Amino acid sequence: MSDIVNKNENLELELDDNTILSNLFGVNDRNLSLIEQINQVKIQYRGNKIKISGNKKSIFETKKTILNLFKEAQNGAEIDEDRIRDNKSLISMNIKTDKQMDLFIQTKKRKIIPRTEIQNKYLQLLNTKNITFAIGPAGTGKTYLAVAKAVSALQDGKVNKIILSRPAVEAGEKLGFLPGDLKEKVDPFLRPIYDALYSMLPYEQVEKKLLNNTIEIAPIAFMRGRTLEDCFIILDEAQNTTKTQMKMFLTRLGKNSQMVVVGDITQIDLVSEKDSGLKDALKKLNKVNDIGFIELSEKDVVRHDLVKKIINAYEKHKS
């Protein structure tokens, strides 16, 4: 491979294997378009020769991204949006090799990599704290990363069980009109957690673990009286717990267990926001050394870029 930089902030490189270019570039050059977008550069190519235009920092980061992805494609990897964004994250945080950072989370399907500095700090807390509170808006990866850590801990034999919980409070729907018992009523509202599980484990493994209760879906009302040992426990939508429920949940922690409490204090569905167990816990527990706290913002949104703009628009027009 060779590259030439000229004074017009252009960079040219030549790839030496034409057989993998369709995988690297993507259908209708979709991958190149994404790389252009996230690096704010212009990419043109003819055959295996690529020209990158933009500011100096951006074109060198783009070069590095393309060469990294080219190498991965040579090793048989499918180049998709997740892989592109993961590479961008590694370059942005100046992470050169896996050995430089113990914050990768390996699951059956893929390696999970933090995409922002705050997500990086979040994973540090997940590695070091028995209880972690993750606060932030939708799309910041707070639930996804917690599920990834739980799946990794289960795979490595560090815990025997994953417990996923949430309060039976919902926005705009009435649980009483849904069929089934309380657990079945809550299941639809745990769909983001199910989606995360299916993205990290083969479908049949998720179903098997749900059937044999290795992965347990437990509405918070089912937690009273239990001591949870050798478990990784995630409480989602924690902003909708009451103060009593939050205290009850946190005191379920048993030996060799870890808890992650996830919520968004701007999305409280209780009659009074003052009753939120999450807001209460943040005030009362913020000086407890063995508990970690992380706050994510719109800068950490890893969904579609439009989600950031939507969050910002709502923040600017709060009534």
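Bear in mind that the values here come from a model prediction, so they are computed numbers and not experimental data. Along each chain, numbering runs from 1 in the same order as the chain's sequence is written. Local features in this predicted model are restricted to residues whose pLDDT is 70 or higher, and side-chain atom pairs enter the listing and the counts only when it is 80 or higher, whereas totals over whole chains, interfaces and linings include all residues. As a rule here, side-chain values cover all heavy atoms of the structure and leave hydrogens and water aside.

J.: How would you sum up the confidence of the model for the protein chain? Please name residues and give values.
T.: For every residue, the predictor states its confidence as a pLDDT score lying anywhere from 0 to 100. Summary statistics for the protein chain give a mean pLDDT of 81 and a share of 80% for residues scoring 70 or more. In this model, residues 97–101 is a region of pLDDT below 50 whose contacts with residues beyond four sequence positions or in other chains number seven contacts. Any two residues whose heavy atoms approach within 4.5 Å are treated as being in contact. A low-confidence stretch, residues 171–175 (pLDDT under 50), is modelled with six contacts involving residues beyond four sequence positions or located in other chains.

J.: Tell me about the pattern of salt bridges, and name the residues and values.
T.: By salt bridge we mean one thing: a side-chain nitrogen of Lys or Arg within 4 Å of a carboxyl oxygen of Asp or Glu. Applying the stated rule across the entire model yields five salt bridges. Where Glu273 meets Lys279, a salt bridge forms, and the shortest distance between an N and an O atom there is 3.8 Å. The buried label applies to any residue whose accessible area, calculated with a 1.4 Å probe on protein chains only, is under 20% of its type's maximum; exposed applies above 50%, and partly exposed to all values in between. Residue class for Glu273 comes out partly exposed when judged on its relative accessible area of 43%. The exposure class of Lys279 is partly exposed, given its relative accessible area of 29%. Through salt bridges with shared partners, a single ionic network connects Lys161, Glu216 and Arg226.

J.: A description of helix α11 (residues 277–284) should follow, citing residues and the corresponding values.
T.: Secondary structure elements follow DSSP: runs of H or I of four or more residues count as helices, runs of E of two or more count as strands, with numbering from the N terminus. Of all the positions in α11, only Gly277, Leu278, Asp280 and Ala281 are classed as buried. All buried residues of α11 project into a common sector of 160° when viewed along the axis, lining one side. Residues of α11 that are buried sit in contact with β7 (131–135), α10 (243–250) and β11 (258–263). The arc in question is traced by the directions running from the helix axis to the C-beta atoms.

J.: Any chance you could break down the packing of helix α8 (residues 191–200) against helix α9 (residues 203–211) for me, citing the residues and the numbers?
T.: Across the interface, α8 lies against α9 with an axial gap of 7 Å and an inter-helix angle of 125°. The orientation of α8 relative to α9 falls into the category oblique. The crossing of α8 and α9 is right-handed. For the pair formed by α8 and α9, the contact residues are Tyr194, Leu197 and Tyr198 on the first element and Tyr203, Val206, Glu207 and Leu210 on the second. Residue type decides the class: Asp, Glu, Lys and Arg count as charged, Ala, Val, Leu, Ile, Met, Phe, Trp, Tyr, Cys and Pro as nonpolar, and the leftover types, Gly among them, as polar. The residue inventory of the contact of α8 with α9, partitioned by class, reads six nonpolar, no polar and one charged. Each axis is a line fitted through C-alpha atoms, taken for helices only over the stretch in contact, and angles between the N-to-C directions span 0 to 180 degrees. If an angle is under 35 degrees, it is roughly parallel; if it is over 145, roughly antiparallel; if it lies from 65 to 115, roughly perpendicular; otherwise it is oblique. In this scheme the crossing of two helices becomes right-handed for a clockwise turn of the near helix relative to the far one and left-handed for an anticlockwise turn of less than a right angle.

J.: Let's hear about α8: which residues, and what values?
T.: Three or four residues apart is the spacing at which side chains of an α-helix point the same way, because the helix has 3.6 residues per turn. Taken together, the buried positions of α8 are Ile193, Tyr194, Ala196, Leu197, Tyr198 and Met200. Residues of α8 that are buried sit in contact with α6 (142–155), β8 (161–165), α9 and β9 (215–217).

J.: Mind laying out the side chain of Gln258, listing which residues take part and the relevant values?
T.: Note that Gln258 resides in strand β11. According to the relative accessible area criterion, Gln258 is buried, its value standing at 15%. Two N or O atoms count as a polar contact when they lie within 3.5 Å, although within protein this holds only if one can serve as hydrogen donor and the other as acceptor, and sequence-adjacent residues are included solely when both atoms are side-chain atoms. Within polar-contact distance, the side chain of Gln258 engages the backbone oxygen of Leu126 at 2.7 Å. Those residues in contact with Gln258 that lie beyond four places of it in its chain are Leu126, Lys129, Asn130, Cys231, Phe232, Ile233 and Leu253.

J.: Can you break down the nonpolar core residue by residue, with the values?
T.: Definition of nonpolar core: a set of buried residues of the types Ala, Val, Leu, Ile, Met, Phe, Trp, Tyr and Cys, connected through side-chain atoms within 4.5 Å. Counting 34 residues, the largest nonpolar core has Tyr122, Val147, Leu164, Leu197, Ile234 and Val260 as its most contacted members. Those elements giving two or more residues to this core turn out to be α5 (117–128), α6, β8, α8, β9, β10 (231–235) and β11. Discounting residues that sit within four places of it in the chain, Leu164 has contacts with Ile193, Leu197, Ile215, Glu216, Ile217, Ala218 and Ile234.

J.: Which residues make up the pairing of β11, and what values do they have?
T.: The element β11 is extensively covered by neighbouring structure, given that six of its six residues are classed as buried. Burial along β11 is two-sided: Gln258, Val260 and Val262 facing one way and Met259, Val261 and Gly263 facing the other are all buried. Where β7 lies against β11, five bridges are found, and the strand directions are parallel. Following the sheet pairing, Ile131 is matched in β11 by Met259. Strands were regarded as paired on the criterion that DSSP finds at least two bridges between them.

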